[in-house]
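# Commentary on secondary and tertiary structure
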Amino acid sequence: MAKNVEIKDHNTLFQSEEYMKSAEKKMEFEAPCSLEEVEDTAAYLKTEEYKEKNFAREALTINPAKACQPLGAVLAALGFEKTLPFVHGSQGCVAYFRSHFARHFKEPVPTVSTSMTEDAAVFGGLRNLIEGLENAVSLYKPDMVAVSTTCMAEVIGDDLQAFIETARNEGAISKSFPVPFANTPSFVGSHIVGYDSMMKSILSYLNGREGDGEKMAAEAAEKINVIPGFEPYTGNIREAKRILDLMDVRYTILGDHSDMLDSPANGEYRTYYGGTKLSDAAYASRGKGTIALQKYSTRKTAKYIEENWGHPFIAGPIPIGIRNTDALLMRISELTGKPIPQSLKDERGRVVDAMTDSHPYLQGKRVAMAGDPDLLLGLISLSLELGIEPVHILCTNGDKEFEEEAQRLLAESPYGLDGKVYVGKDLWHLRSLLLTDPVDFAIGSTFLKFAAKDANIPLVRVGFPIFDRHHMHRYPIIGYQGTLNLLSLMVNMVLERLDEEAPGHSFDVVR
Amino acid sequence: MRRQVLEALEEPACEHSTNENLKVCARPKPGQASGGCSFDGAQIALLPIADAAHLVHGPLGCSGNSWEGRGSLSSGPHLYQYGLTTDLKESEIIFGGEKKLREAIGEIMERFSPPAVFVYSTCVTALIGDDLEAICREETRKWGVPVIPVNSPGFVGSKNLGTRLAGETLFQYVIGTSDPPETTPYDINLIGEYNIAGEMWEIKELLDKVGIRILSRITGDGRFQEIRWAHHAKVNMVVCSRALINLARKMEEHYQIPYFEGSFYGAGETGSSLRKIAGLLKDRELERRVEELIQEEEKKLHRDLLQYRPVLKGKKVVLYTGGVKSWSVISALQELGMEVVAVGTNKSTQEDIARIKERVGADTELIDEGGSGSILKAVRSKKADMMIAGGRNMYVALKEKIPFLEINQERHTAYAGYTGLKRLAKHIAHTLSHPVWQLAHKKAPWCEGWADDR
Ligand code: SF4
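I will try to describe carefully the structure that is included in this document. Small disclaimer: the values here were computed from a predicted structure and weren't measured. (Residues numbered from 1 in each chain as written. Chains lettered and ligands numbered in written order. Predicted model: local features only at pLDDT ≥ 70, side-chain atom pairs only at ≥ 80, totals over all residues. Heavy atoms only, no water.)

### Thoughts on the site of the ligand
Note the threshold: Here a residue is near a molecule or strand as soon as one of its heavy atoms is found within 4 Å of it. Numbering goes from the N terminus for both helices and strands, where a helix is a DSSP run of H or I of at least four residues and a strand is a run of E of at least two. Each residue gets one of three labels, nonpolar for Ala, Val, Leu, Ile, Met, Phe, Trp, Tyr, Cys and Pro, charged for Asp, Glu, Lys and Arg, and polar for the others, Gly among them.
The environment of the ligand is formed by S90, G92, C93 and Y96 of chain A together with C37, F39, C62, T122, C123 and G154 of chain B. With three residues, helix 6 (residues 91-105) of chain A is the single largest residue contributor to the shell around the ligand. Here the shell around the ligand is composed, by residue class, of six nonpolar, four polar and no charged.

### Focus: a negative patch on the surface
All names here are of chain A. Under the convention used in this document: Here, patches come from residues exposed beyond 30% relative accessible area and free of salt bridges, joined within 9 Å for like charges and within 5 Å for nonpolar side chains (Val, Leu, Ile, Met, Phe, Trp, Tyr). Here the open area of atoms and residues is found with the Shrake-Rupley method and a 1.4 Å probe, where only the protein chains shown may cover a residue. Whenever Lys or Arg places a side-chain nitrogen within 4 Å of a carboxyl oxygen from Asp or Glu, that contact is recorded as a salt bridge. In this tally Asp and Glu are treated as negative and Lys and Arg as positive; neither His nor the chain ends contributes. Positions of charges follow a simple convention, taking NZ of Lys, CZ of Arg, CG of Asp or CD of Glu. Each residue gets one of three labels from its accessible area relative to the maximum for its type: buried under 20%, exposed over 50%, partly exposed in between, using a 1.4 Å probe on protein chains only.
Together, E36, E37, E39 and D40 give the surface a local cluster of negative charge. Looking at the secondary structure, you find E37 in helix 3 (residues 35-45). Relative accessible area serves as the criterion here: at 45%, E37 is assigned to the partly exposed category.

### Side note on the interface of chain A and chain B
Heads up, the rule is: Throughout, a contact is declared for two residues whenever any of their heavy atoms are within 4.5 Å. Summed over both partners, the accessible area lost on bringing two parts together, with a 1.4 Å probe, is the buried area. We call two N or O atoms a polar contact when they sit within 3.5 Å, provided that within protein one can donate a hydrogen and the other can accept it, with sequence-adjacent residues counted only if both atoms are side-chain atoms. Strands were regarded as paired on the criterion that DSSP finds at least two bridges between them.
Taken together, the contact pairs 83 residues of chain A with 88 residues of chain B. Taken over both partners, the interface formed by chain A and chain B buries close to 7,200 Å², and the fraction arising from carbon and sulfur atoms is 60%. When the buried area of chain A at its contact with chain B is split by residue, Q91, Y96 and E118 of chain A rank highest and sum to 10% of it. A salt bridge links E107 of chain A to K399 of chain B, with the nearest nitrogen and oxygen atoms 2.8 Å apart. Where chain A touches chain B, the interface holds 18 residue pairs in polar contact (both at pLDDT 80 or more). Ranked by residues supplied to the side of chain A that touches chain B, first place goes to helix 6 of chain A with ten residues. Classifying every residue of the side of chain A that touches chain B gives 43 nonpolar, 23 polar and 17 charged. Of the pairings in the sheet, the one linking strand 1 (residues 61-62) of chain A to strand 2 (residues 84-85) of chain B comprises two bridges and is antiparallel in character. Within strand 2 of chain B, the position partnered with I62 of chain A by the bridge is L84 of chain B.

### Points about the pattern of salt bridges
Any two side chains of opposite charge can pair, so long as their charged atoms come close to each other. Following the criterion strictly, the structure yields 57 salt bridges over all chains and no others. In this structure, the salt-bridge partner of R299 of chain A is E401 of chain A, at a minimum N-O distance of 2.9 Å. Residue R299 of chain A is located in helix 15 (residues 299-308), and its partner E401 of chain A is located in helix 19 (residues 400-411); the two are separated by 102 residues in the primary sequence. Between E253 of chain B and R249 of chain B there is a salt bridge, with the nearest N and O atoms lying 2.9 Å from each other. In this pair, E253 of chain B and R249 of chain B are both assigned in helix 11 (residues 245-255), four residues apart and thus about one turn of the helix distant. One network of salt bridges, with partners in common, ties together R238, D259, D262 and R474 of chain A.

### Some remarks on the sheet that holds strand 13 (residues 441-444) of chain A
Residue and element names in this part refer to chain A. The condition is simple: Comment: axis = line fitted to C-alpha atoms, over the contacting stretch for helices; angle = value between 0 and 180 degrees taken between N-to-C directions.
Here five strands make up an open sheet; going across it, the order is 12-11-10-13-14 and the pairing parallel. Only two strands of the sheet have a single partner each, and these edge strands are strand 12 (420-423) and strand 14 (459-461). Going from strand to strand, the sheet's axes swing by 20 degrees on average, the running direction of each strand aside. Of the pairings in the sheet, the one linking strand 10 (residues 366-370) to strand 11 (residues 389-395) comprises five bridges and is parallel in character. Looking at the pairing, A368 lines up with H392 of strand 11. Most of the contacts of helix 20 (residues 427-436) go to strand 11, to which it runs at about 155 degrees, and overall it touches strand 10, strand 11 and strand 12. The strands touched by helix 22 (residues 479-501) are strand 13 and strand 14; relative to strand 13, the strand with the most contacts, the crossing angle is about 150 degrees.

Here's what the structure looks like:
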C-alpha cells in the first residue's frame, strides 16, 4: 500500500480553530453550569448523602447489569447439535439477542422469532407459531427447534404445549420432530434463569427419546455429564474438555456451544457447528453422574436431574481459582475412580508458582466486581487466594441464597472483611460505591466501563457481555489455566497502571 | 395509539400507499431471522437527543438489550447514554406499572433535572394497558418539564415504522413549542441524521464553510431545546432515510417548510444536496459559494483518491446494509470505481428500490430475502471481491473469508461528505489488500496442492 492520505477524524476535528470557536459560542448559547457548579456536583456525588439517596431509589433502574430470560434460553439451545433457537414473541427481542451474541462472540448467531404483531396480541400467537415453525424448519433445516417465549407471549398467555401440538396436527412439523420449549418471561428472573429453564426442558425432552439402544446405553454408562451453565466463554468449555481428556475420563458436555460460537473460518459458512449430539443427551441419564460447573444457573436442571436420573449430581462452585479447581478434580476423580494425572498436578504447581511471583503487586488491592452469581463466587474465591480484597460485590440478578453464600465466603478470610454484597442493585449504585468508597480496580463486563471511568479506575473485563475488547471469550478463566489467565490479566493491569503513574525517577524496568 | 399506528403505516409520502396490494408497510415473516422492532426504531430516532432522559417503560430486556447499542455521538451532554428503565417485575405486570412509572419519572427529575423525558412504551406496557399519555400529561404538569410519551411498542411492527412513530411524537409534542433566540436566512434542519461516528460534525464543517446554519439537529447530537424551535427553519433536509419522511411532510403542510431527500454519501450526492439546499434557500450568492466549495472539494478529493484508484478499480461489491442507505452508498462506491453487483433491498421502501435501480445496471442482483444464505449466494454467483454490510452479517462473511467492511450503526468511522468518501476509499483499499486474505486463502503446508485454494 502506498502512503496513506491524511484524513482527520472528529477527535482532531474538534481541535481545529473553527470548531473551538463554535464550541465557545455554543457554550454561551447552551448556558451550561459554571465550572464551580460542576465541581460542586461532582463532590456531592462522592458524599454519603448522595449515596443514601441513590440507594433509596426504587422505581427507576439506571444501567442494569443483567439480560433477560429468553437470551439465556437461546444460549442453552445453541449448545445442541443442529438446534435452532426459536423465540415466540415479537421480533425485536430476538434481533437484540442476535446482535448481543454477535458482538460478544464475534460470530453469526442463527436464531429466529415468530414476529408476533398486534393481531397476535388480540387473537393469540397460535398462527404465528405454526407458520413460524413451518418456515424455520424448511429454511434452516434444523434437527431440533427449541422454543422459548418473550414477555409478549407470556402476557397474553399463549399455551406453548397446546400450540406445538396443533402445529403437529396441522402438519407444519412432523409428529416426531423434537420441539422442547420453555416459558421465559423477561419480567421474571434473568438470563441465567432462562438458560436453566431451557436446559432443563431440552434434557427432559430428549431423555430416553432415541429408544433403548443397548450399545448406546452401555456406552453412556461409562461416561459422566458436565453442564457448563450460562457460559460466555467458549474457552471455558474447551478447557473443561481438556481437563477431562487429561484425566482420561469419558464424558458428555450437555450444552456445548464452544464450536458453534467459535467456529473456524474455513471458507464456507454453515448454519450449525458442533454441539451436543442429541443421541448423547438422550442417554445422559444412564451415566455415572452429572457435574454442573455453575450452581445458580442450573437450579431447575439440578432438581430435575436429582429427581429423575438416579445418579450423583454435583453443582458448583465454578472452578475459578486453585481451591475451586481442586474441588472439581476431586469430584471427577471420585465419580470415575480415575486418579489426578501428573500433568494436572504440574499445571497446578505452575499456577501456584505464578501466584507467588505476582503476590507483592496484588496484595491488599481493593476491588469492586459485578456479574452473575456463580462468576462472582469464583472471583471472590480467587481474590482471597491472591490477597486481593473484594470490597463491593454487586449482583443485579442475585438472590438471598447467593448473598449468604458470598458473605460466608468473605468471612473465611481476613481479606474478605471489608467485602459487602449488593443484590438486585444496578451499575448506578455501583458508581456511588466507587465514589464514596474508592477501590483500586473493577472486574466485570463492558458495561462497567462508565462507572470505572467516572471513578478513574481501570476495569478488568470479565463476564458477559464484553463488546469492546476482542477475543476475551476464547481464553478460559476456569481451571488452573483459566486461573493463570485471570491472574495475568489482573497483575499486568496493576503493573500497567504503575508505569502510567510513575514519575520519571521511578519509571524502571524490572518488576 | 391504534390510530397513530395506522396513520404511520399508511404514510402518504410512502409510495406503497398508491399500490393496492401494498397498502401498508410489509410485516415480518414468522420463523425467519428478522430485524429490530418498532420500539427499537423509535428509540434509535429519538435517543440521539443527548440532553434528554430516555426512560424505557417495560421489563428489563427492552432497555438492557438495546442500551448503548448504537454509535450516535454527542458533543456535550451524556444523559442519553444512561440505560434508564422501570424494569417491570411480575407483580407490576399483574397490577399495572403506572405507579412505578410515575415514581421513576420523579426519580429522574430529582436526580438529573433534564430538559425533557421521553417515555417509551414496550410490548408489555402496551399489553397491560398502562395509560402512557395520561401519566405523561400529569407528570408534565407536575414538574413543569415536558414528559413525552413515545407510543411505539415492539409488536406494532418493524423498526422503520417505529422511526415514523418517533417522527409523529416530535411533531405532536416537541416541534413548535419554542422559538430560537435568533434566526438567519440560512437556517435548515437535518432530519434523520443520527451522528453515527460523528458524521454530522463533518457535514456541519462543510455547511459552515458556505454559511448554511443547522438550526435543529433531528436528532444526531441534538438538544431538546433546538428541536422545539425546528419550525423556524427555511428548509428541511431528510438525510437518506425515508423513515422520517412523514415528519418533513407534516412540517411542510403546517409550517410551509419545503423539504427534500438527500444524502451525504459520495461526492455526487453531497454536491447535489448542497446545491438543493442553496436552491431552496433561494439565494444566488449562496449558490455561487456552494459551487465554489464543490469545485474546490472535488479537486482535492480527486487528488487524494488517486492512490487508491488502482486497488479499487473494477472491484465487485455486494452491498447489504439491511436498510435504507443502499441507494446513497451505491453512488459513493461507483465514484470510487467499484462495481456494485448485488444490493440488499429487504428493508428498502419502493422508492428506495426505484432509486437503487436508477443507479445500478440491469444485471445487478436485488436481494430481497433476508438471511445470510441469500447474501452469500449472491457473493458466490457474482464472484464478488468484497461485501459491505451491517454487523450481524459480518461474521458470516468472515467465515467465508470474504473481505468485509462494516457500514451500519455500530461502525466507528464516518463515511459522509468528502472527507468520509476518502475515508471509505482508504478503508476499502485496506480491507481488500490486507495480508490476512492471502493467509486465509492459502492451504496449510501439509495439505495436498499447497497453494491458493481459490
Ligand atoms: S419486541 Fe417488544 S419486548 Fe422485545 S425489545 Fe421490542 S418492545 Fe421490547
